[in-house]
Amino acid sequence: MDSQTQAPDPYAILYGWLAGSYVRPDGQQVIGRVWDEDTKYRYGLYLAGIDAPPGWKQAWFTYIGDRVWHFEPLHIQDWASRLTAFDGTPLAATSRGRAVSAIRSYYAHCENDLGAARWNLPPRRALAGPTPPAQRETLTRFQTDALWTAADRYRGPYPERARLAAYMALAGLRPGQCIAAVLQYLQRDNQASPAWRLPVKNNSSSAVGPLTPIPRPLVWALDEYLPVRTHKAPHSSAGEGPLLLSRTGRGLDHVTFTRLLRDVAATHPDLEELAPGLHPDIVAHSPSPFADESDTAG
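In this text, all values refer to a predicted model and were calculated from it rather than measured experimentally.

A. Fine view of the pattern of salt bridges. Across all of its chains, the model carries 9 salt bridges by this definition. For D78, the salt bridge is made with R82, and the minimal N-O distance between the two is 2.7 Å. With a gap of 4 residues between them, D78 and R82 both fall in helix α4 (residues 73-82), about one helical turn apart. Note on R82: relative accessible area 53%, which makes it exposed. The partner of R163 in a salt bridge is D152, and the shortest N-O contact between them spans 3.0 Å. A residue pair is termed long-range when its members are at least 10 positions apart, and R163 in helix α8 (residues 159-170) and D152 in helix α7 (residues 141-153) qualify at 11 residues. Accessibility expressed as a relative area gives 34% for D152, which makes it partly exposed. A single salt-bridge network, built from bridges that share partners, covers D38, R42 and R98.

B. Fine view of the packing of aromatic side chains. Under the defined criterion, the tally for this structure stands at 22 aromatic pairs. On the basis of an interplanar angle of 90° and a centroid distance of 4.9 Å, the ring pair of W148 and F290 is categorised as edge-to-face. Of this pair, W148 sits in helix α7 while F290 sits in the segment after α12 (280-284), and the two are 142 residues apart along the sequence.

C. Molecular detail of the nonpolar core. In terms of nonpolar packing, the biggest core is built from 44 residues, with L164, M168, W196, L243, L244 and V283 touching the most fellow members. Of all the secondary structure elements, the ones that give two or more residues to this core are α7, α8, α9 (175-180), β4 (195-199), α10 (216-225), α11 (254-265) and α12. In terms of residue count, α8 provides more of this core than any other element does, 8 residues in total. In this structure M168 touches L173, C178, A181, W196, L218, L243 and L244, once residues within four positions along its chain are discounted.

D. Representation of α8. With 12 residues, α8 should cover 16 Å at 1.5 Å per step; its first-to-last C-alpha distance of 16 Å lies within 8% of that length. Summarising burial for α8: 10 of the 12 residues are buried, a large majority. Along α8, the positions that sit buried rather than exposed are R161, A162, R163, L164, A165, A166, Y167, M168, A169 and L170. Tucked into the core, α8 has its buried residues touching α7, α9, β4, α10, α11 and α12. Looking one or two places after α8, you find G172, whose phi comes out positive at around 100°.

E. Representation of the side chain of Q58 within the structure. Structurally, the position occupied by Q58 is in the loop between α2 (37-48) and α3 (60-64). On the basis of relative accessibility, which here comes to 16%, the residue Q58 falls in the buried class. Engagement of the side chain of Q58 in a polar contact is seen with the side chain of T84, the distance being 2.6 Å. In this structure, Q58 is in contact with Y46, W79, R82, L83 and T84, ignoring residues within four places of it in sequence.

F. Molecular detail of the sheet that holds β4. If you trace the 3 strands from one edge of the open sheet to the other, you get β3-β4-β5, paired in antiparallel fashion. Strand pairing shows two members of the sheet lacking a second neighbour, β3 (186-187) and β5 (208-213), which therefore form its edges. As judged from the 4 bridges shared by β4 and β5, these two strands associate in the antiparallel manner. Pairing of W196 across the sheet is with T212, part of β5.

G. Representation of the confidence of the model for the protein within the structure. Residues at a pLDDT of 70 or more form 92% of the protein, whose mean pLDDT is 88. Mean pLDDT in the protein bottoms out at strand β2 (residues 29-31), which sits at 81, and peaks at α8, which reaches 97.

H. Molecular detail of the environment of F86. As for its position among the elements, F86 is in the loop between α4 and α5 (93-114). F86 sits in the partly exposed class, given a relative accessible area of 49%. Considered as a pair, F86 and W56 are 30 residues apart in the sequence and their alpha carbons are 7.0 Å apart. Other than its neighbours up to four places away in sequence, F86 contacts Y41, L45, P53 and W56.

I. The pairing of β4, seen in detail. Within β4, 4 of the 5 residues are buried, which leaves the element mostly enclosed by the surrounding structure. The sheet contact formed by β3 and β4 spans 2 bridges and is antiparallel. Bridging across to β4, Q187 finds its partner in A195.

J. Quick look at unusual backbone geometry. With an omega of 5°, the peptide bond running from A233 to P234 counts as cis. Inspection of the secondary structure puts P234 in the loop between α10 and α11. A positive phi angle, near 50°, is found at Y158, a position not held by glycine. Assignment of secondary structure puts Y158 in the loop between α7 and α8.

Calculation criteria
- Residues numbered from 1 in each chain as written.
- Predicted model: local features only at pLDDT ≥ 70, side-chain atom pairs only at ≥ 80, totals over all residues.
- Heavy atoms only, no water.
- Salt bridge = Lys/Arg side-chain N within 4 Å of Asp/Glu carboxyl O.
- Helix = DSSP H or I, 4+ residues; strand = E, 2+ residues; numbered from the N terminus.
- Buried < 20%, exposed > 50% of the residue type's maximum accessible area, 1.4 Å probe, protein only.
- Phe/Tyr/Trp six-rings, centres within 6.5 Å; stacked < 30°, edge-to-face > 60°.
- Core = buried A, V, L, I, M, F, W, Y, C linked by side-chain atoms within 4.5 Å.
- Contact = heavy atoms within 4.5 Å.
- Expected span 1.5 Å × (residues − 1).
- Polar contact = N/O pair within 3.5 Å; in protein donor to acceptor, adjacent residues only side chain to side chain.
- Pairing = 2+ DSSP bridges.
- pLDDT = per-residue confidence, 0-100.

Right, dumping it as structure tokens:
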């Protein structure tokens, strides 16, 4: 495979490889691995266009032509970037990576089993290109308004706590911030307006941000919740400890907080279908219905 004049047929190598039977350079017949049908189809499609629909001409052998044994990694990168689905839309990042894996596996077979020269191909992620970040899931403004309504109408266990928890998520607080918020950092009687110091996102509960005003709806929810907050020694007291408490006086954990939010959402007819899979992070990253409540209560 060192010269184009003596180069073997890449298609013949592919057919033997996928069939599980090939001949080594020393003439020995080898029974190779047994491929599953999905892998055989995918490798055959991306390498040689086997079973491709009419008009689809994006196979690697077609693209690379006479340079099939004398290519550079940049050729694979360019080929992968041009791949499209059968309907002509750009190939998704995951599928593009699988296509590159087919190329790398084929040439690894040529190197390891047929004694071909080594191409020293980069990792798949380098050849397939960067995978774009997944689009963040959010609720619509209609759905956050519905959750706001559901929190106000909730009549399950500890409704004041449920309302405050939902309000905190609707205000954009991450679940870790909500359950790590402590009463000591709440200034309900601040001269300017009610304010609090919140745990820093993606950090420990000991790291808190600057004093910030509390949105007016949260002030109302706090006023209803604090008198019925279930503090119990030694885990919490009337003036210290986690803000959101369980009936034992301990702070809520992530599982309980998530379940509480789902219970609230399930009471609204427009949210009951998505409630079982609803996560507080989705609510926190959604448009807040409190955005128009720019003023704080005095």
